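# Chains, contacts and geometry: an overview
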Amino acid sequence: MSVISEWLLPAVVCAPVTWVSLVFRFREEGRLLGTARSAALTVGVVLWTSAVAAVAGGLLLPHASSVPPVAVGAVAGTGVIPRGRAEQTGARAVLAVLTLGDSLLLHQLALRLRSDRADWCDRMAEGFRDCWDLDAFATALKDHLLMRVDVPGRTGRARTALRKEIAERHAEVRAAAQKWITAETKVDKACQQQGRRPTPEEARLVRRAFGEAEQYLRHLLELGHAYGKRSDARRLLELRERHMSREEADDAVTVGR
C-alpha cells in the first residue's frame with residue numbers, strides 16, 4: 001500500500017495536472033496534438049513530469065509524512081507553467097531542480113509548435129493563382145476571425161486589442177494585394193500595347209508583389225491558428241477552397257491535414 005501511495009499516486013495525479021498546465025502554457029502557441037511530433041513531445045513531457053513526481057513521492061514522503069501524495073503530484077504537474085523570477089524561491093527552486101529534465105522537452109515542444117504553425121500557414125497561403133482570389137480569401141478569413149472574438153473569459157480590453165490586430169493584418173494583406181493588382185495590370189497593358197511578353201524585370205516585379213501578399217496572408221493566418229479550435233481548421237480549408245479556382249481547389253484537399 002505504501003508503494004501505491006508514495007510512488008504511483010503522485011504520478012497518477014501529476015499526469016492530468018501536467019496536461020492542463022501545458023494547455024495553459026501553450027494556449028496561444030499552437031495545438032499540442034496537432035501533429036505526430038508535437039503530440040509525442042507533449043506525451044514525453046507528461047510522462048517525464050509524472051516520473052519525477054513518482055520519484056519525489058517515493059524518496060521524500062517517507063521523510064515528510066505530513067505531505068499528502070496528491071500534493072506532490074499536483075505541485076510537480078504545475079511545474080511546467082512558466083514562473084516569474086520572484087516566484088523561484090523556496091519550494092519552487094527545489095521543484096525547478098527536480099524538473100530540470102523538462103526544460104529540454106519544453107524547449108523542443110515550443111520549437112515544434114512554432115514550426116507546425118509556420119507549416120500550416122504556408123500550406124494555407126500557397127496555391128492561389130492571383131491576388132484577386134487571395135484577397136477574397138483574406139476578407140473571408142477576417143470575417144471568420146472577427147465572429148470568434150467574443151468568447152467567454154476574454155476581457156473587453158483583450159477583445160478590442162484582438163479586433164484591432166485582425167483589422168491591421170487584414171489591411172496589410174489588402175494593401176499588398178492591391179500592389180500586385182496594380183503591377184500586374186500595368187505590365188499586361190504595356191505588353192498588349194507593344195505586342196510583347198513581359199521582360200524579366202517586369203516578371204520579377206509582379207512575382208515580388210505576389211510574394212509579399214502571400215507573406216501578409218500568412219501573418220493573418222497566424223491569428224487563426226493561435227486563437228482557433230481544431231474544428232476551425234476544416235472551416236478555414238473550406239473557405240480557402242471556395243476562393244480558389246476549381247483546378248487549384250482539387251489540388252488543395254490535403255492542405256489542412
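In this text the structure is predicted, and so the values were computed from the model without any measurement. (Residues numbered from 1 in each chain as written. Predicted model: local features only at pLDDT ≥ 70, side-chain atom pairs only at ≥ 80, totals over all residues. Heavy atoms only, no water.)

### Some thoughts on the nonpolar core
If you look at soluble globular proteins, the nonpolar side chains tend to sit buried side by side. Put simply, the test is: Buried Ala, Val, Leu, Ile, Met, Phe, Trp, Tyr and Cys residues that are joined via side-chain atoms within 4.5 Å together make up what is termed a nonpolar core. Each residue gets one of three labels from its accessible area relative to the maximum for its type: buried under 20%, exposed over 50%, partly exposed in between, using a 1.4 Å probe on protein chains only. Numbering of helices and strands starts at the N terminus; helices are DSSP runs of H or I of at least 4 residues and strands are runs of E of at least 2. In what follows, residue pairs with any heavy atoms lying within 4.5 Å of each other are defined as contacts.
If you look at the biggest cluster of nonpolar residues, it comprises 34 residues, and the most contacted ones within it are Phe-137, Leu-141, Leu-217 and Leu-221. Looking at this core, the elements that each hand over two or more residues are α5 (100-125), α6 (131-146), α7 (156-194), α8 (200-227) and α9 (230-242). Beyond its immediate chain neighbours, meaning those up to four positions away, Leu-221 contacts Trp-120, Cys-121, Met-124, Ala-125, Phe-137 and Leu-141. One finds Phe-26, Leu-41, Val-45 and Val-46 within the second-largest nonpolar core, a separate group that totals 10 residues.

### Let's talk about the environment of Leu-134
Within the secondary structure, Leu-134 sits in helix α6. Put simply, Leu-134 and Ala-177 are 43 residues apart on the chain and 7.6 Å apart in space, counted from C-alpha to C-alpha. Excluding residues that lie within four positions of it along the chain, Leu-134 makes contacts with Phe-128, Val-173, Ala-213, Glu-214 and Leu-217.

### Quick notes on the pattern of salt bridges
The criterion, for reference: Put simply, a salt bridge is a Lys or Arg side-chain nitrogen that is within 4 Å of an Asp or Glu carboxyl oxygen.
Here the structure, examined in full by the defined rule, presents 14 salt bridges. Residue Glu-238 pairs with Arg-234 through a salt bridge whose shortest N-O separation is 3.9 Å. Taken together, the residues span about one helical turn, with Glu-238 and Arg-234 both in helix α9 at a distance of four residues. On the basis of relative accessibility, which here comes to 48%, the residue Arg-234 falls in the partly exposed class. As a salt-bridge pair, Glu-238 and Arg-235 come within 3.7 Å of each other at their nearest N and O atoms. Of this pair, Glu-238 and Arg-235 both sit in helix α9, separated by three residues, roughly a single helical turn. On the basis of relative accessible area, Glu-238 is assigned to the partly exposed category, the value being 34%. A network of salt bridges, in which partner residues are shared, links Asp-122, Glu-126 and Arg-218.

### Thoughts on the packing of α7 against α8
Note the cut-off: Axes here refer to lines fitted to C-alpha atoms; in helices the fit is confined to the stretch in contact. Angles between the N-to-C directions go from 0 to 180 degrees. The scheme is simple: roughly parallel for angles under 35 degrees, roughly antiparallel for over 145, roughly perpendicular for 65 to 115, oblique for anything else. By definition, any crossing whose near helix is turned counterclockwise from its far helix by less than a right angle is left-handed, and any crossing with a clockwise turn is right-handed. For this scheme, ten residues count as nonpolar: Ala, Val, Leu, Ile, Met, Phe, Trp, Tyr, Cys and Pro. Four count as charged, namely Asp, Glu, Lys and Arg, and the remainder, Gly too, count as polar.
Axis separation between α7 and α8 bottoms out at 9 Å; the angle between their running directions is 160 degrees. By the angle between their axes, α7 is roughly antiparallel relative to α8. Classified by chirality, the crossing of α8 by α7 is left-handed. In the contact of α7 with α8, the residues fall into 18 nonpolar, two polar and eight charged.

### Quick word on the side chain of Asp-116
Among the structural elements, Asp-116 can be located in helix α5. Judged by relative accessible area, Asp-116 falls into the buried class, the value being 11%. With residues up to four places along the chain from it excluded, the contact list for Asp-116 reads Thr-35 and Ser-38.

### A closer look at the environment of Asp-188
If you trace the backbone, Asp-188 turns up in helix α7. Judged by relative accessible area, which is 32%, Asp-188 ranks as partly exposed. Along the primary structure Asp-188 and Pro-198 are separated by 10 residues, whereas in three dimensions their C-alpha atoms are 7.8 Å apart.

### What to know about a nonpolar patch on the surface
Basically, it comes down to this: Nonpolar side chains (Val, Leu, Ile, Met, Phe, Trp, Tyr) within 5 Å and like charges within 9 Å form the patches, drawn only from residues with over 30% relative accessible area and no salt bridge. To measure how exposed things are, a 1.4 Å probe is used in the Shrake-Rupley method; for residues, cover is taken only from the protein chains shown.
On the surface, Trp-19, Val-20, Val-23 and Leu-33 cluster together to form a nonpolar patch covering roughly 350 Å² of accessible area. Structurally, Val-20 is set in helix α1 (residues 2-25).

### Quick notes on α7
Stated formally: To estimate the expected span of a helix, count its residues, drop one, and scale the result by 1.5 Å.
The end-to-end C-alpha separation of α7 is 57 Å, in line with the 57 Å expected for 39 residues at 1.5 Å each. Of the residues trailing α7, Gly-195 is marked for its positive phi of about 60 degrees.

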